[in-house]
Amino acid sequence: MERKKFFSVFGLGMMGILFTRFSSLKLFSKIPNNKKKIKVKINPLAVKRQKIGNKNV
Amino acid sequence: MSDHKNDIQNPAPNYWRSFEELYSDQKFLAEKNNEFKEGASDAPNTDKMSPISRRKFLALLGASAAVAGTACSDYQDKGEIVPYNNKPEEITIGKANYYASTCTGCSSACGILIKTREGRPIKIDGNPDHPVSKGKICSQGQASIMGLYDPDRLKSPKRKIGNGLDDADWQEVDKEIVLALSTIGSREIAIITKEIVSPTQNEVLKDFIKEYPATKVYSFEQFNESIRKNAWQKCYGSSDFPFIKWNEAEVVVSLDADFLGTGSHRVENTRLFTERKNIMNKKFNRLYSIESNLSLTGMNSDYRLMLRPDVQYSFVMAVINELQKKNVITNSVNASAFSLSKLAGDFGLSEKILNHLVNDLSKKKGKAIIYAGDHLPENVHIAVNLLNEELGNSELYDTEHSTVNVRNLSSLNEFKNLIDKMKAGNVGVVIHFDTNPVYNLPADFNYAEALQNVDEVVTLTEVENESSGLSNHVLPIHNNFEAWGDSKTRTGFYALQQPVIAPLYSTRQKESILLTWINGDTTSYKETIFHEYLMANWENSIYPTLNSKLAFNPFWYGALHDGVVRSNDISNGIEDFNYSVIMELKNAQVKSDGITIQIKESYSLRDGRFANNGWLQESPHPVSKVTWDNYAAISTTTAKQLSVKNDDVIEITVNNRTLEIPVFVQPGHVDNSITIETGYGRTNSGSVAEGAGFNANTIFFSTGGLTPWVYEGAAIKKLSRTYNLVVAQTIYDFTEKDKKDLPQKRGIIREGTVEQYLNNPHFLNGKEHKVLESVNPPVPYDGVKWGMSIDLNKCLGCSECFIACNVENNIPVVGKEEVDKGREMHWLRIDRYYSGSAEDPKVSLQPMLCQHCDQAPCEVVCPVVATTHSPDGLNQMIYNRCVGTRYCSNNCPYKVRRFNFFNFRDSFNDGYQESPVFALLHNPEVTVRSRGVMEKCTFCVQRIAEARSDATREGRTIKGSDVTTACQDACVTNAINFGDINDANEEFYKYRNHELGYYVLEELNVIPNVTYLAKLRNTHSEEA
């Protein structure tokens, strides 16, 4: 393999690997549609308790 | 060299570049005439060069860069950690909040406390203020937290398009359904629900009926107490079967009743029952279990007899006859055709045990209770009610409280009529209100077929199920922790359910969906619609009956804080026994031929509603220890007769329907009978449940059997294939002499009888517990030293502690294949040991976890000191230091260390546990371990650290009683105690130093910090 061709193949391969590992699109992820961020919001109408020592008050 | 002195004085007028040039060095001048330096034009000496060519070097460089890039790029995206711009008032960073609520996992409606961290619910425990559950809940209740973060949950409404379901808009589907409801004409609208225990939900249904008068509500539970209630109605004129004061019963006779393992009152039953297994006040009850399959209740019995369900009537009548002969009871029922000695002969029952049973019932009149299983026929229950009445055992009925039926369950006949109407095209709309009738209704109803004649089928559900697959519209509903609600299960109190997290997806509260349809205006929906309805119902209907001195608003917030509200309604009491009912007790033997089949509720998945919960699927069966599957349990003798062994697949034919299922030979199973647990074999219920087990409901029928759960005369055919059942703990060979009763021989299990103990409290260890010599000098522990005690008299092997440990410590689900290789990650397991014969074994149970040994064998073999001992006696794991040699696990005599062969979160079910929503489930106080790391029980070190931090803040030293472990909190029977070994003033100290205390494998002298209190069997003295 000539030098130029080798570097082209090598460069493309590296780009491919980096793309699959770091791409934010995650096209190659195991869980393609499962990376959606989940927003956690508490329900303001609930009435909380706290643990003080061994008692829950 | 030339004369330098003269040259310096008369320098040549030219430029020079070196002293050699300046002074015309001869060697330099000679070299100057050569174009190249000496050797520069020579051919290179390849012998002295690196053997790697330039090209190869670059290729290697490239490959190594690629490998390094690949290997180092697998770090999880940890996201951004940013502080709150507006911190919610309720949240203190790093501090847990708790919310009182109600579990909706079954109709028991236990009170729960939901622990949240930064708004995320992460752990469920019992609400100590709840008058029934009293701070404890079952394993399903604890594991239900996984349901909230189940990635398989429906995230938006769906509409049927072709053969599949497609995402839709809420308003559009509402419009379509409202149109179908309002144009129903003369046809029926059927709403199918689970058992309704919420008064406000019932009001919503009533309002729905007002708006759409063609509506009929059908409530169904596959496993219910309808037969018991009907029998009670006939005997006492009311369908409210009373609660039993198990804690006052000295003798309990269980007729095929698994009252400690299944059924809706099991948490309360278990707590009360074990109050009388008390080594401190030396009060012990005696349990006789007469059952077909070895159940959790049977495992914990003092005497056990094996009898098929179809012979239970003969048995109870024979007991009546025996007691009549002894003049213990004097009723007019004619039971002369029944004889205990004949039964003993026919079914191989021990006459000695039968004599004990009859004598105990005679002597303990008013202090014994006989209790029949829900699946037994009505005549058995009537005979049992009569026997309890005659023996004065009605003293043990709790007359202060009685059940409250918000809405009665529909009978099977009502369902039969519904199906007929559906088949005739007289039902226009069917609404599955968080229920799954396609899977759970009896197979002979052919419900799925009948649904095809209904124009509009709507399923309200969290995760897709068999019923949603046949629906036109599938509407996602809130999880328990996102929803409002209330419940009324018995007299004396109400309970409230409050949402602790805003909905994660575009789901709706199921009652809000009905309210929107009642409204008719589909744009009127808002998230608070049911909250307002609930508050209004309480303000107008419930609050006025409570005679509260508070105004409604402070009352309401107080009620939400407590989770329960006391009410003034009282029990109706118990009427006199109606003796005319004994006419129904026929004086004729009931005996059937062939093989009897019993369908039973699963210990883990119940009726299938928890099938998509990985923790519960992987929870070993309390008796067989099989995970991820159900099976046909048969006796050793029947297995021989059918020429089958474990894993052989058989075909069971009942009423022309067949079930193919693998065999599991269960020691202690009665002959000519098969027991199958249901809840498995789901076909559309999420990715975890997929492929797990076999659908036993294919042979669940409304008629044709002794009861819907028991069939006689099944045909069995052995098929040529096998199926791999995975067992978490295998059964050692009963026949091999050396191995027989090995746990007892090695002192793993140490037991005695109550009689032995009362005669000599030091029978187990002698008066002075011998301390073994050690070559290692003892390490002084001056401050707190942590220890645990486990009372094997109270431990029933129910798995509550096991599930609590999983939830608290972020234990991953690994899947069936990995469990098969022994790679389950459970920090705590419940070992089940058999002794005696395979046909009729005795069972001993032992929770096994890291013993935190003072002379821990794991610590001395770790080459990187990843496992060490803390100054307060904990055997610690340092995950960052562990390199995964597994020497520690190899050297642990208790085999309680678990190794992460993979990142199980990633490897199980295609990364199911790596989903972002699943990460919200994790306890932030506990490290999530990855591949290559050893792990084990930490004695909940995170709780110790929190308690120590609290104590420091309060300016005091930490006490043993400041800490409770997750397993201890969960244990319904309070078998687990935890505390400071050095503090003689603590309750724990009494257990640690109790005369029944022993260490497992004590002869190894590893000095464990877990003490087991030996089990005492309350048998008669001659069997000591």
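About the thresholds
- Residues numbered from 1 in each chain as written.
- Chains lettered and ligands numbered in written order.
- Predicted model: local features only at pLDDT ≥ 70, side-chain atom pairs only at ≥ 80, totals over all residues.
- Helix = DSSP H or I, 4+ residues; strand = E, 2+ residues; numbered from the N terminus.
- Buried ≥ 20, exposed ≤ 12 C-beta atoms within 10 Å, placed from the backbone.
- Contact = placed C-beta atoms within 7 Å.
- Pairing = 2+ DSSP bridges.
- Domains from an automatic or database assignment.
- Nonpolar A, V, L, I, M, F, W, Y, C, P; charged D, E, K, R; others polar.
- Arc of directions from axis to C-beta.
- Axes fitted to C-alpha atoms, helices over the stretch in contact; angles between N-to-C directions.
- Parallel < 35°, antiparallel > 145°, perpendicular 65-115°, else oblique.
- Left-handed = near helix turned anticlockwise from the far one by under 90°.

Brief notes about the overall build of chain B
In terms of regular secondary structure, chain B is built from 33 helices and 41 strands. Across its three principal axes, chain B shows a C-alpha extent of roughly 150 × 80 × 70 Å. Taken across its 1024 residues, chain B has 50% of its residues classed as buried. A separation threshold of at least 6 residues defines the contact pool for chain B, and within that pool the share at least 24 residues apart is 73%.

As for the overall build of chain A
Within chain A one finds one helix and three strands. Element order for chain A, N to C, with α for helix and β for strand: α-β-β-β. Within chain A, the fraction of its 57 residues that count as buried is 7%.

Concerning the sheet that holds strand E31 (residues 786-791) of chain B
Residue and element names in this part refer to chain B. One open sheet accounts for four strands, arranged E38-E31-E40-E39; its pairing is mixed. On the outer flanks of this sheet lie strand E38 (976-980) and strand E39 (997-998), each paired with one strand and no other. Two strands pair when backbone bridges link them, and E39 and strand E40 (residues 1010-1013) are joined in this way by two bridges, in the antiparallel orientation. Note that in E40 the partner of Gly 997 across the bridge is Leu 1013.

With respect to the domain arrangement of chain B
Accessible area lost when the parts come together is the quantity often used to give the size of an interface. Along its sequence, chain B is carved into domain 1 (1-41), domain 2 (158-224 + 407-483 + 505-533), domain 3 (243-398), domain 4 (592-727) and domain 5 (742-759 + 783-1023). Distance from the C-alpha centre of domain 2 of chain B to the C-alpha centre of domain 3 of chain B: 42 Å.

Comments concerning the interface of chain B and chain A
Listed per partner, the contact involves 39 residues of chain B and 28 residues of chain A. Residue assignment for the side of chain B that touches chain A shows that the elements contributing at least two residues are helix H4 (54-72), strand E1 (97-102), helix H21 (552-562) and helix H30 (916-919) of chain B. Sort the elements by how many residues they give to the side of chain B that touches chain A and H4 of chain B lands first, with five residues. Class assignment for the residues of the side of chain B that touches chain A results in 20 nonpolar, 13 polar and six charged. The pairing of strand E1 (residues 48-49) of chain A with E1 of chain B spans two bridges and is antiparallel. If you follow Arg 49 of chain A over to E1 of chain B, its bridge partner there is Tyr 98 of chain B.

Topic: H21 of chain B
Residue and element names in this part refer to chain B. Listed as buried for H21 are Trp 556, Ala 559 and Leu 560. In a view along the axis of H21, the buried residues occupy a sector of 100°, so they form one face of it. The secondary structure elements touched by the buried residues of H21 are strand E20 (493-497), helix H20 (529-542) and strand E21 (564-566). At the exit of H21 stands Gly 563, carrying a positive phi of roughly 85°.

Some thoughts on the packing of helix H12 (residues 312-325) of chain B against helix H14 (residues 351-363) of chain B
Residue and element names in this part refer to chain B. Running from N to C, H12 and H14 point in directions that differ by 60°, and their axes come no closer than 11 Å. As far as their axial angle goes, H14 and H12 are oblique. In this structure, H12 crosses over H14, and the sense of that crossing is right-handed. From H12, Val 319, Glu 322 and Leu 323 reach across to H14, where they touch Val 358, Leu 361 and Ser 362.

A word on the pairing of E40 of chain B
Residue and element names in this part refer to chain B. By the alternation rule, side chains of E40 split into Val 1010 and Tyr 1012 and Thr 1011 and Leu 1013, which are all buried. Two strands pair when backbone bridges link them, and E31 and E40 are joined in this way by four bridges, in the parallel orientation. Within E40, the position partnered with Met 788 by the bridge is Val 1010.

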